[in-house]
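Commentary on secondary and tertiary structure
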Amino acid sequence: MGAEFVQLSLTPLLIGILAAIACALPGNFLILRRQALVGDAISHVALPGIVVAFLITGTVSTWPMLLGAAGAAVVAVVLIEGIKRIARIEPGAAMGVVFTSLFAAGVLLLEQSDTSGVHLDVEHALYGNLESLVWFSAEGWNSLVDPVALADLPPELVRMASVAFVISLLLAIFWRPLKLSTFDEGFANVIGIPTRVFSFGLVICAAVAAVAAFDAVGSIIVIAMFICPPATARLMTNRLEIQVLWSVLFAVLSAVLGYVLAGYGPMWLGGENAVSAAGMIATISGVILGIACLIAPHRKRVGTPKGL
Amino acid sequence: MVSAFLDALLLQAGYNAALVAVGAALLGIAAGSGGTFLFLRKRSLLSDALAHSTLPGVGIAFILMVALGGEGRNLLGLLLGSTVSATIGLLAVDWITNRTRLAEDAAIGAVLSVFFGFGVVLLTVIQTMSSGYQAGLEGFLLGSTAGMLFGDAIVITIGGALIVTVVLLLRRPMTLVAFDPEFAAASGVNVQRVDLAMMGLVMAVTIVGLKLVGLVLIVALLIIPPATARLWSNRTENVVLGAGLIGGVSGYMGAALSASAPNLPTGPIIVLMSFALFALSLLFAPARGVFAALLSRRRFRNRLHRRQGLLALAHGGSIQDRMTRAVLRREGFIRGDATLTEAGKAAAARVQHDERRWAMARQLHQLDGFSARYDSLRPIDSVLTRDQIAEIDRRMGDPAFFDRSGDGS
């Protein structure tokens, strides 16, 4: 539990935790606004964005891909809104039309282009590769104060940390108007809060979190963390402030437990190889949600008769 | 490439390719028409949860079959496993929605991501079990027809045909329930059982389509064709038929196109084919299309300019607005110097008279919400009966010496 842990497990674990928090925070509001599946849609459309960015720049580098994925997310949101208005079909179906088509286009582009020389494939986009984000130059806990080793931290860690920080900051700054426009949009409008701006901003925020996390950990964690920790937290309390804190706790818990179980669980069971950490984190978040559905204090709708 | 595509279209590209194309067409018809009922009940995305929750079943079935000493890739066995886990996923969505305060979208998202995540865990377990077995299961994510066995193609074709038959048999009660569940219940249809049948159909489409389209994209086949058909018609039976047709065409064309060149994965091609049909419909559909909307906006604008322009002229005013002038000019109501023609005078008088009747009518009907229908655009005789108008004319003390034919615009 020393040098090896710092080198191989510390950074993936931290990245997993940060990704989980960055997704769970906006997830709280998405759940309350009945937009839980926005995260699902965004994480699907990130693929075509990343492929297009790769085709334009010809390299797998961070910033073009992030921009490409964010651009694709904006395109998808605009398309969904446009189809909803023009065709007058329900939002769920409009979303289904857009994200499946964009995802299909992404897969097709990927198959058509020559990506044999680079690390870019559909499986990677879905599962991510959390385990590979190791800190090579770390030699132990004292590397944490060694500037040479610190300079070699995986770039995903820095990126994920800044995204999580920015999202928390935005949430803290816009807390009141965001809360108001989530719970009572009409009232918020009347007292002069630009609810449409907040609504769009929230989706953009979710998109940024999804895209940053997507690159590091794949889309399964992204979708699971958008929904499961906030949904679990929703069953614990009636107060939004407390709910957000609970959701962060559940996100961290899922990330840590999932990562540890994926890495060491098979060995405890006599296996030799670790299983997918991303998949395991999603599974654990689901188990936590399942337990909450059974015993959490506020799991029932207000007004449900006793004994149900 | 073109000739290869034609070959595939005409089922000349080999026995397997032909079977796959027919299977894809049948699956498309089944998904389109079956998906319509889900679409009309506004539960389209439920199919996404269903599709993603098949993955753990596939993994467990594979592990079980290998553990029992069999061949892990037996398609029927894998499909059986996926049916079981998809059923569990569906029940989980239902249970969360009914028993907790979480909304259906949260339940769908949670089940989708958790089941899929667990499936991925199982896939990594399988990869480490023994290296020889790992190929094949990834095909369930995005579908793969390359290297599809003859038996697999048969399964898909028969499955598709069976689903289409069931849709044909159940279309009446399902239409009724999708359109108006309360009325259906009142007329003696067992709504719960029909709902169950509908979910069964969707599940069957998902399972049969797993190998062909893959679990990430199968949901598109259930959503896009109904959404497309809905643009063209307001009648349920037409939407069902249209969605089946659109799904069938996209399935057939997509499979043929995919067979005609390398690196064209079947699932994405079929999805993009149906999206192309959707985009075309969005532009050209008669009532809900973009062009139709532009046209009706233009018509509305013309009516507005004509009426307001004529009213202004009837009151002796002049028209400064260029658009109004252009509209009136085109109708032959004014001359180049913006003075009324004979036809224009008559039309202006009719419009003015209509306005006066409206004013009187709004006085008479102040309290019954009638006045809210006044938009200075609608001729009064399209709202009131002839007797009511005669009454208004009597009150106005002004025998209607204007044209009574009704063209008050």
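These numbers come from a predicted model, not from an experiment.

A closer look at the overall build of chain B
- When you go through chain B residue by residue, the secondary structure sums to 17 helices and 0 strands.
- Taking 409 residues into account, the globule formula puts the C-alpha radius of gyration at 22 Å, and chain B, at 31 Å, lies well above it.
- For chain B, the share of sequence-separated contacts (at least 6 apart) that also reach a separation of at least 24 residues comes to 69%.
- For chain B, the accessible surface area stands at approximately 18,500 Å², while carbon and sulfur atoms represent 61% of it.

Some remarks on the overall build of chain A
- A count of helical and extended segments in chain A gives 13 helices and 0 strands.
- When its helices and strands are written in sequence order, chain A yields α-α-α-α-α-α-α-α-α-α-α-α-α.
- Along the first, second and third principal axes, the C-alpha atoms of chain A reach 55 × 50 × 40 Å.
- Counting over 308 residues, chain A shows a buried share of 55%.
- Relative to all contacts within chain A whose residues are 6 or more apart in sequence, the contacts with residues 24 or more apart total 71%.
- Roughly 13,200 Å² of accessible area belongs to chain A as shown, and the carbon and sulfur atoms make up 68% of that amount.

Describing the nonpolar core
- Residues I83(A), M160(A) and V213(B) are the most contacted members of the largest nonpolar core, which totals 201 residues.
- Broken down by element, the residue count for this core peaks at 18 residues, all from helix α1 (residues 3-32) of chain A.
- Setting aside anything within four residues of it in sequence, one finds M160(A) in contact with I15(A), L18(A), A19(A), A22(A), A209(A), A212(A) and A213(A).
- Residues L313(B), I334(B), A347(B) and A348(B) belong to the second largest nonpolar core, which totals 11 residues.

Examining the domain arrangement of chain B
- Assigned domains of chain B: these are domain 1 (2-285) and domain 2 (291-396).
- A separation of 54 Å is found between the C-alpha centroids of domain 1 of chain B and domain 2 of chain B.

Comments concerning the environment of G59(B)
- You can see G59(B) is positioned in helix α4 (residues 55-67).
- For the pair G59(B) and V121(B), spaced 62 residues apart in sequence, the C-alpha to C-alpha distance is 9.0 Å.

Looking at the confidence of the model for chain A
- The pLDDT averaged across chain A works out to 86; a share of 95% of its residues lies at or above 70.
- Averaged over each element, pLDDT in chain A is lowest for helix α5 (residues 122-127) of chain A (72) and highest for helix α13 (residues 277-295) of chain A (93).

Topic: the pattern of salt bridges
- Summed over all chains, the structure comprises 15 salt bridges over all chains.
- Across the salt bridge formed by R239(A) and E241(A), the nearest N and O atoms sit 3.6 Å from each other.
- One salt bridge connects D393(B) with R357(B), and the closest N-O pair in it is separated by 2.9 Å. In this pair, D393(B) sits in helix α17 (residues 386-396) while R357(B) sits in helix α16 (residues 342-364), placing the two residues 36 residues apart along the sequence. The exposure classification of D393(B) matches that of R357(B), with both residues buried.
- Three or more residues are tied together by salt bridges with common partners; here these are E81(A), K84(A) and R85(A).

Quick look at the interface of chain A and chain B
- If you look at the interface, chain A gives 59 residues, while chain B gives 58 residues.
- Here chain A and chain B share an interface that buries about 4,800 Å² over both sides, 74% of which is from carbon and sulfur atoms.
- If you look at where chain A meets chain B, you find 0 salt bridges.
- In this structure, the connection of chain A to chain B is made through 11 residue pairs in polar contact (both at pLDDT 80 or more).
- Counting only elements with at least two residues in the side of chain A that touches chain B, the list comes to α2 (37-57), α3 (62-87), α4 (91-112), α5, α11 (219-234) and α13 of chain A.
- In terms of residue count, the dominant contributor to the side of chain A that touches chain B is α4(A) (15 residues).
- For the side of chain A that touches chain B, the class distribution of residues is 33 nonpolar, 16 polar and 10 charged.

Structural notes on the UniProt feature "transmembrane region" (unreviewed entry) in chain B
Residue and element names in this part refer to chain B.
- When the UniProt feature table is mapped to this numbering, "transmembrane region" (unreviewed entry) covers residues 15-40, 49-69, 75-96, 108-129, 149-170, 201-224 and 269-295.
- In the segment residues 201-224, helix accounts for 83% and strand for 0%; the C-alpha atoms at its two ends are 17 Å apart.
- Secondary structure across residues 269-295 divides into 81% helix and 0% strand, with the first and last C-alpha atoms of the span separated by 33 Å.

A short note on the packing of helix α14 (residues 290-314) of chain B against helix α15 (residues 322-330) of chain B
Residue and element names in this part refer to chain B.
- In contact at an axis separation of 9 Å, α14 and α15 are set at 90° when each is read in the N-to-C sense. As judged from the angle between their axes, α14 and α15 are roughly perpendicular. When α14 is examined against α15, the residues R298, R301, N302, H305, R306, G309, L310 and L313 are found in contact with a partner set consisting of M323, T324, V327, L328 and R330.
- Split into classes, the residues belonging to the contact of α14 with α15 amount to 5 nonpolar, 4 polar and 4 charged.

Thoughts on α4(B)
Residue and element names in this part refer to chain B.
- A rise of 1.5 Å per residue sets the reference length of α4, with its 13 residues, at 18 Å; its end C-alpha atoms lie 18 Å apart and thus fit the reference within 8%.
- All of the buried residues in α4 are L55, P56, G57, V58, G59, A61, F62, M65 and V66.
- One or two steps after α4, the chain reaches G69, where phi turns positive at roughly 85°.

Overview of a nonpolar patch on the surface
- On the surface, F165(A), V166(A), L169(A), L170(A), I173(A) and F174(A) cluster together into a nonpolar patch covering about 560 Å² of accessible area.
- Examined against the element boundaries, L170(A) turns out to sit in helix α7 (residues 155-173).

Focus: the confidence of the model for chain B
- Per-residue confidence for chain B averages 84 on the pLDDT scale, and 92% of its residues sit at or above 70.
- Low pLDDT, under 50, characterises residues 400-409 of chain B; the stretch is placed with 22 contacts to residues that sit more than four places away or in other chains.

Quick word on the environment of P194(A)
All names here are of chain A.
- Summarising the element assignment, P194 is placed in the loop between α9 (185-190) and α10 (195-217).
- Since its relative accessible area comes to 43%, P194 is described here as partly exposed.
- Measuring from C-alpha to C-alpha, the distance between P194 and G258 comes to 39 Å, with 64 residues separating the pair along the chain.

Some points on the packing of aromatic side chains
- Evaluation of the coordinates by the stated rule reveals 5 aromatic pairs over all chains.
- The ring of F140(B) carries the charged tip of K211(B) above its face, separated from the ring centre by 5.5 Å.

Parameters at a glance
- Residue positions are given per chain, counting from 1 as you read along its sequence in written order.
- Whichever chain is written first becomes A and whichever ligand is written first becomes 1, with later ones labelled in order.
- Local features are withheld for residues below a pLDDT of 70 in this predicted model, meaning they are given only at 70 or higher, and side-chain atom pairs are given and counted only at 80 or more; totals for whole chains, interfaces and linings count all residues.
- Side-chain figures throughout are based on the complete set of non-hydrogen atoms in the structure, without hydrogens or water.
- Every helix listed is a DSSP run of H or I at least four residues long, and every strand listed is a run of E at least two residues long, numbered separately from the N terminus.
- Only the C-alpha atoms count toward the radius of gyration. The rule for a globule is 2.2 Å times the residue count to the power 0.38.
- What makes two residues a contact is simply this: any of their non-hydrogen atoms within 4.5 Å.
- Areas reported here follow the Shrake-Rupley algorithm with a probe of radius 1.4 Å; residue values treat only the protein chains shown as occluding.
- Burial here depends on accessible area, computed with a 1.4 Å probe over protein chains only, as a share of the maximum for the residue type. Under 20% is buried, over 50% is exposed, and the range in between is partly exposed.
- For our purposes a nonpolar core is just a set of buried Ala, Val, Leu, Ile, Met, Phe, Trp, Tyr and Cys residues, chained together by side-chain atoms within 4.5 Å.
- Domain segmentation is taken from an automatic or database assignment of domains.
- A score from 0 to 100, pLDDT tells how confident the predictor is in each residue.
- Here a salt bridge means any side-chain nitrogen of Lys or Arg lying within 4 Å of a carboxyl oxygen belonging to Asp or Glu.
- Here's the idea: put two parts together, see how much 1.4 Å probe accessible area each one loses, and the total over both is what we call buried area.
- Polar contact is the term for a pair of N or O atoms within 3.5 Å; when the atoms are in protein, one must be able to donate a hydrogen and the other to accept it, and sequence-neighboring residues count only if both atoms are side-chain atoms.
- Gly is placed with the polar residues, together with every amino acid not listed as nonpolar (Ala, Val, Leu, Ile, Met, Phe, Trp, Tyr, Cys and Pro) or charged (Asp, Glu, Lys and Arg).
- UniProt positions are given in the numbering used here, feature names are shortened, and annotations may be inferred rather than shown by experiment.
- Helix axes are fitted to C-alpha atoms over the stretch in contact, other axes to C-alpha atoms as well, and angles between N-to-C directions run from 0 to 180 degrees.
- We call two directions roughly parallel when the angle between them is under 35 degrees, roughly antiparallel when it is over 145, roughly perpendicular when it lies between 65 and 115, and oblique otherwise.
- Given a helix with a known number of residues, its expected span is that number minus one, times 1.5 Å.
- What goes into a patch is any residue over 30% in relative accessible area without a salt bridge, connected to like charges within 9 Å or, for nonpolar side chains (Val, Leu, Ile, Met, Phe, Trp, Tyr), within 5 Å.
- Pairing of aromatic side chains here covers Phe, Tyr and the six-membered ring of Trp, requires ring centres within 6.5 Å, and sorts the geometry by plane angle: under 30 degrees stacked, over 60 edge-to-face, intermediate tilted.
- Ring-over charges, as used throughout, are those where CZ of Arg or NZ of Lys falls within 6 Å of the ring centre and within 35 degrees of the ring normal.

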